[in-house]
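Here is what each chain is made of, one letter per residue.
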Amino acid sequence: MVGSTELGNHRVYSNGAIHNHNGFEDKINELRRMLGKADGDLLRIVGVGAGAWGSVFAALLQDSYGQFRDKVQVRIWRRPGKAVDRTTAEHLFEVINSREDVLRRLIRRCAYLKYVEARLGDRTLYADEILKDGFCLNMIDTPLCPLKVVTNLQEAVWDADIVVNGLPSTETREIFEEISKYWKERLTTPIIISLAKGIEAELDPLPRIITPTQMINQATGVPIENILYLGGPNIASEIYNKEYANARICGAEKWRIALAKFLRQPHFIVWDNSDLVTHEVMGGLKNVYAIGAGMIAALTNESATSKSVYFAHCTSEMIFITHLLAEEPEKLAGPLLADTYVTLLKGRNAWYGQMIAKGELSLDLGDSISGKGTIQGVSAVGAFYQLLSQSSLNVLHPNDKNPVAPVELCPILKTLYKILITREQGVRAILQALRDENLNDPRDRIEIAQTHTIYRPSLLGQPCP
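Residues numbered from 1 in each chain as written. Predicted model: local features only at pLDDT ≥ 70, side-chain atom pairs only at ≥ 80, totals over all residues. Heavy atoms only, no water.

Caption draft 1: Broad picture of the overall build of the chain. Each helix and strand counted, the chain has 19 helices and 17 strands in total. In terms of overall dimensions, the chain has C-alpha extents of about 70 × 50 × 40 Å along its principal axes. With 465 residues in all, the chain has 55% of them scored as buried. Put simply, 69% of the contacts in the chain that link residues at least 6 apart link residues at least 24 apart. Of the accessible surface of the chain, which amounts to about 20,400 Å², a share of 47% is contributed by carbon and sulfur atoms. Side chains of the chain carry 51 positive and 54 negative charges; the gap between the two charge centres is 4 Å. (Helix = DSSP H or I, 4+ residues; strand = E, 2+ residues; numbered from the N terminus. Buried < 20%, exposed > 50% of the residue type's maximum accessible area, 1.4 Å probe, protein only. Contact = heavy atoms within 4.5 Å. Areas by Shrake-Rupley, 256 points an atom, 1.4 Å probe, with all protein chains shown as cover. Lys, Arg positive; Asp, Glu negative; His and termini not counted. Charge placed at Lys NZ, Arg CZ, Asp CG, Glu CD.)

Dropping the structure here:
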């Protein structure tokens, strides 16, 4: 737990980080100037979607800028009506009573009694209700600051200057199509920051990847230069607890540099990069292989050797795929491996793979899991498999030199598809895929990627040379 004390114009955290109040005010004044905000006209920031990362992102902004009530308003939208089950309510009560600061805050706000009643089974709590008190349903163990929660989507977004997409990629298009109805008569163009990691596959007229920022652009008509992606190798709860972390905000120079500065904090360093779509795709790709890593860990009783064998094969497949997608894939190696590493250590996709392999979760439950949110790697498995199965993307097989679809050189991706999507194989098939005597050396796959021209710009919607 990280506490804080006030010291002049600074907030000093127990981990040594220092927040300068004047520094935050300077940053918000600068962004307000760029947006042309007049005195008395609030800068309105709205998070759409209240999963773990979306809620933490809104809470970070509220902690940093919420004190400037005459200059900025931070709110978050989530759907109403999601009930908190009895088991979760009991655990939440334990969390509250283990944190003196949280307990005192709830008592001071006259909000503690409802948690007592829920613990006793005398009351039903709702996700939007507890979020107002700083509890995200997908991250109960990490209390946040109180948040301004809106359950009416139109009210939340119609006049927002900055919209933060905290939705799963599988819900992004649907919700932003609804949002577009409320923006038809807008005079100003909003800025949208997407946190979503996932993709859709589009096969006609050419196979290509559709990312969340592209979904938002198609759904709303907001110019792509006003839509950015933020992601990095981090875990939401650890960021809120002031663990040192970094991320990249990717998009057009017009906004990314100013937003990187606005979002940067002593414990959360935000860099900027122009490569929007590729970073988004890499964020989705690592989720695919994280599920498999969780399965291997569970099936081999956390065997370090088996996990390292899997890591060698999955990284070689990721390198192969990045060479299909990017003209300069070596620039992505560091960010992709870092994001993959943290996801394997503590991400929900690796956890999901473990639970499936242990039999503690069933595939019949779908990819939306209570207390965890959407497991975005499942839909990404289907999308990447569909795309890389297309004959128009054929590459030469290293052994017989015949043209094959790229997925034929990605045995782990193929196996995950058969386990998770078509369900024609059981979970132990992932072990058999690693132990196949005919499996190529991972180095061979990397060599194919590096020595052959396999770059397919059409996959990211770029014109072919």
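This is not the end of the story, as more comes after the structure.
Caption draft 2: Quick peek at the pattern of salt bridges. Using the criterion set out here, one finds 25 salt bridges in the structure. Measuring nitrogen to oxygen at the nearest pair gives 3.0 Å for the salt bridge that ties Arg173 to Glu200. In this pair, Arg173 sits in helix α8 (residues 169-182) while Glu200 sits in strand β9 (residues 200-202), placing the two residues 27 residues apart along the sequence. On the basis of relative accessible area, Glu200 is assigned to the partly exposed category, the value being 28%. Linking Glu408 and Lys414 is a salt bridge whose minimum nitrogen-to-oxygen distance equals 3.0 Å. Each of Arg109, Lys114, Glu117, Arg123, Glu129 and Asp133 takes part in a single network of salt bridges with overlapping partners. (Salt bridge = Lys/Arg side-chain N within 4 Å of Asp/Glu carboxyl O.)

Caption draft 3: Representation of the sheet that holds strand β5 (residues 72-77) within the structure. In spatial order, the strands read β6-β5-β4-β7-β8-β11-β12-β13; together these 8 strands make up an open sheet with mixed pairing. This sheet does not close on itself; its edge strands, each paired only once, are β6 (149-150) and β13 (268-273). When strand β7 (residues 162-165) meets strand β8 (residues 191-194), the two strands line up parallel, connected through 4 bridges. Paired with Val164 across the strands is Ile193, a residue of β8. Together, β4 (43-48), β5, β7 and β8 form the strand contacts of α8, whose direction differs from that of β7 by roughly 155°. Across the sheet, helix α9 (residues 212-220) is in contact with β7, β8 and β11 (227-231); its angle to β11 comes to roughly 155°. (Pairing = 2+ DSSP bridges. Axes fitted to C-alpha atoms, helices over the stretch in contact; angles between N-to-C directions.)

Caption draft 4: Just the pairing of β7, in detail. What you see with β7 is no split at all: Ile162 and Val164 on one side and Val163 and Asn165 on the other are buried throughout. With 4 bridges connecting them, β4 and β7 associate as parallel partners. Among the inter-strand pairings, Val48 is bridged to a residue of β7, identified as Asn165.

Caption draft 5: Here's a closer look at the environment of Leu147. When you line up the elements, Leu147 lands in the loop between α6 (127-132) and β6. Under the relative-accessibility criterion, Leu147 is labelled buried at 8%. Sequence-distant contacts of Leu147, defined by excluding residues within four places in its chain, comprise Ser55, Ala58, Ala59, Gln62, Ile76, Leu131 and Lys132.

Caption draft 6: Quick peek at empty space enclosed by the protein. Here the structure, examined in full by the defined rule, presents 4 cavities of 30 Å³ or more. If you trace the largest cavity, you find 13 residues lining it, with Gly231, Gly232, His279, Pro335 and Asp339 closest to the centre. Secondary structure elements with two or more residues in the lining of the largest cavity: β11, β12 (245-250), α12 (276-299) and α14 (333-346). Of the residues in the lining of the largest cavity, the class split is 7 nonpolar, 4 polar and 2 charged. Here the second largest cavity defines a volume of roughly 60 Å³. Phe24, Phe57, Leu60, Leu61, Ser64, Tyr65, Phe262, Leu263, Arg264, Gln265 and Phe268 together form the lining of the second largest cavity. At the level of elements, α2 (52-65) and α11 (253-263) are the ones that each hand at least two residues to the lining of the second largest cavity. At 5 residues, the largest contribution of residues to the lining of the second largest cavity is made by α2. (1 Å grid on protein atoms, 1.4 Å probe; cavity = no way out; pocket = protein on both sides within 12 Å on 5 of 7 lines; lining within 4 Å. Points joined across faces, edges and corners; volume = space filled by probe spheres on them. Nonpolar A, V, L, I, M, F, W, Y, C, P; charged D, E, K, R; others polar.)

Caption draft 7: Fine view of the packing of α8 against α9. Packing of α8 against α9 brings their axes to within 8 Å, and their N-to-C directions diverge by 25°. Judged by the angle between their axes, α8 and α9 are roughly parallel. For the element pair α8 and α9, the recorded crossing hand is right-handed. Facing α8, whose interface residues are Ser169, Thr172, Arg173, Phe176, Glu177 and Ser180, α9 presents Pro212, Met215, Ile216, Gln218, Ala219 and Thr220. Broken down by class, the residue content of the contact of α8 with α9 amounts to 5 nonpolar, 5 polar and 2 charged. (Parallel < 35°, antiparallel > 145°, perpendicular 65-115°, else oblique. Left-handed = near helix turned anticlockwise from the far one by under 90°.)

Caption draft 8: Expanded view of the packing of aromatic side chains. By the definition in use, this model includes 7 aromatic pairs. Here the aromatic rings of Trp53 and Phe57 are separated by 5.7 Å at their centres, their planes lie at 90°, and the arrangement is edge-to-face. Pair noted here: Trp53 and Phe57 are both in helix α2, with a separation of 4 residues, about one helical turn. Take Trp53 and Phe57: they sit in the same class, and that class is buried. Between Lys242 and the ring centre of Tyr240, over which it is positioned, the NZ or CZ distance is 5.7 Å. Sitting above the plane of the Trp351 ring, Lys372 keeps its charged end 4.8 Å from the centroid. (Phe/Tyr/Trp six-rings, centres within 6.5 Å; stacked < 30°, edge-to-face > 60°. Lys NZ or Arg CZ within 6 Å of the ring centre and 35° of its normal.)

Caption draft 9: α12, seen in detail. The end-to-end C-alpha distance of α12 is 37 Å, a good match for the 34 Å that 24 residues give at a rise of 1.5 Å each. In terms of burial, α12 is largely enclosed, as 23 of its 24 residues are buried. Where α12 ends, the next residue or the one after it, Asn301, has phi of about 55°, a positive value. (Expected span 1.5 Å × (residues − 1).)

Caption draft 10: Here's a closer look at the nonpolar core. In terms of nonpolar packing, the biggest core is built from 65 residues, with Tyr289, Met295, Phe320, Tyr352 and Phe384 touching the most fellow members. Those elements that provide at least two residues to this core are α12, α13 (304-325), α15 (348-358), α16 (376-388), α17 (411-420), α18 (429-435) and α19 (442-451). With 12 residues, α12 is the largest single contributor of residues to this core. In this structure, Met295 is in contact with Gly353, Gln354, Ile356, Ala357, Leu416, Ile419, Leu420, Val427 and Ile430, ignoring residues within four places of it in sequence. Core analysis: the second largest hydrophobic core is formed by 46 residues, Val56, Cys136, Tyr240 and Trp255 among them. (Core = buried A, V, L, I, M, F, W, Y, C linked by side-chain atoms within 4.5 Å.)

Caption draft 11: Fine view of the environment of Pro168. Relative to the helices and strands, Pro168 is located in the loop between β7 and α8. Those residues within four positions of Pro168 in sequence are excluded, and the remaining contacts are Thr374 and Gln376.

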